[in-house]
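One letter stands for each residue in the lines below.
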Amino acid sequence: MIRINLLALGFLLGQAQAQQLPGYDPQLAVTVKTSSGKVVVVRGPQVPVQPDPDFTWRWSVRKVVKNSSGQFTAVHYSGSLGAKYRDAAVFLVHPDGRIDRLKNDTVLDIQWTADGRYLLGTGANTIRLWNLSGGLRQVSYQDIRASRVAGKTLCLNVNWYSPTTGQLSRTTEIHLAIPSLTQVSDKDTDGNATCEAHP
């Protein structure tokens, strides 16, 4: 009797471990046709095969965008755990069908530069710029409210907070040169998000 119970316990533990094994959710799959005519599937981030309903990241496809030449495609996934925690994943599809997950890809939004040579990722306080080989450059600000590519510059709205009260003190429009991300200008915007991306 004891042996049977131990076997049953082992089986149940094995089942619980199997439920937590990572896999791919077919609902997150994105089919991409490359410029060379190859069809590939971006499977997205790995998720538990049988998720725990009380403690599971919920993932969705946020954006699929080709660069201006149509040769590269970026796929942006957004993940959340309740209302407080956020995660992301960005995959780059090359013309030959190769798929790379970009490093440091926890961003809220992505957009290509006008020349299609760089992918920009906007986070809550960091701008990331990847080249077509996956190389990364980044800069950080206190609180990025909006961003938009404008020719060879990146327009950002940044909120600044008082170090003594913690209250919002001003909003600034900052222009960064692409691809160096060096600051070329800034001006106050009276709290307006002048750099919001246009649809």
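Everything quoted here is computed from the prediction, not taken from an experiment. (Residues numbered from 1 in each chain as written. Predicted model: local features only at pLDDT ≥ 70, side-chain atom pairs only at ≥ 80, totals over all residues. Heavy atoms only, no water.)

## What about the state of the cysteines?
(1) Moving on: Evaluated as defined, the whole model comprises 1 disulfide.
(2) Moving on: In this model C155 forms its disulfide with C195; the gap between the sulfur atoms is 1.8 Å. Its torsion about the S-S bond being -50°, the disulfide of C155 and C195 is classed as left-handed. Here C195 lies in the segment after β16 (183–188) and C155 lies in strand β14 (residues 153–161), a separation of 40 residues in the sequence.
(3) Moving on: The class for C155 is buried, based on a relative accessible area of 1%.
(4) Moving on: C195 gets classed as buried once you look at its relative accessible area, which sits at 0%. (Disulfide = S-S within 2.5 Å. Helix = DSSP H or I, 4+ residues; strand = E, 2+ residues; numbered from the N terminus. Buried < 20%, exposed > 50% of the residue type's maximum accessible area, 1.4 Å probe, protein only.)

## Some words on the confidence of the model for the protein
(1) Moving on: When pLDDT is averaged along the protein, the result is 86, and 83% of the positions lie at 70 or above.
(2) Moving on: Across the protein, the element-wise mean pLDDT spans from 46 in helix α1 (residues 2–20) up to 97 in strand β11 (residues 126–131).
(3) Moving on: Note that residues 6–19 has pLDDT below 50 and, in this model, 3 contacts with residues that lie over four places away or in other chains. (pLDDT = per-residue confidence, 0-100. Contact = heavy atoms within 4.5 Å.)

## Some remarks on the nonpolar core
The tendency in soluble globular proteins is for nonpolar side chains to be buried side by side.
(1) Moving on: With 15 residues, the main nonpolar core has L120, I127, Y141, L154, L156 and L176 as its most contacted residues.
(2) Moving on: Listed by contribution, the elements that provide at least two residues to this core are β10 (118–122), β11, β13 (144–150), β14 and β15 (168–177).
(3) Moving on: Leave out the neighbours within four places in its chain, and I127 touches L120, G121, T122, R137, Q138, V139, I144, L154, L156 and L181.
(4) Moving on: Core analysis: the next-biggest nonpolar cluster, separate from the first, contains 12 residues, V32, V47, V75 and Y77 among them. (Core = buried A, V, L, I, M, F, W, Y, C linked by side-chain atoms within 4.5 Å.)

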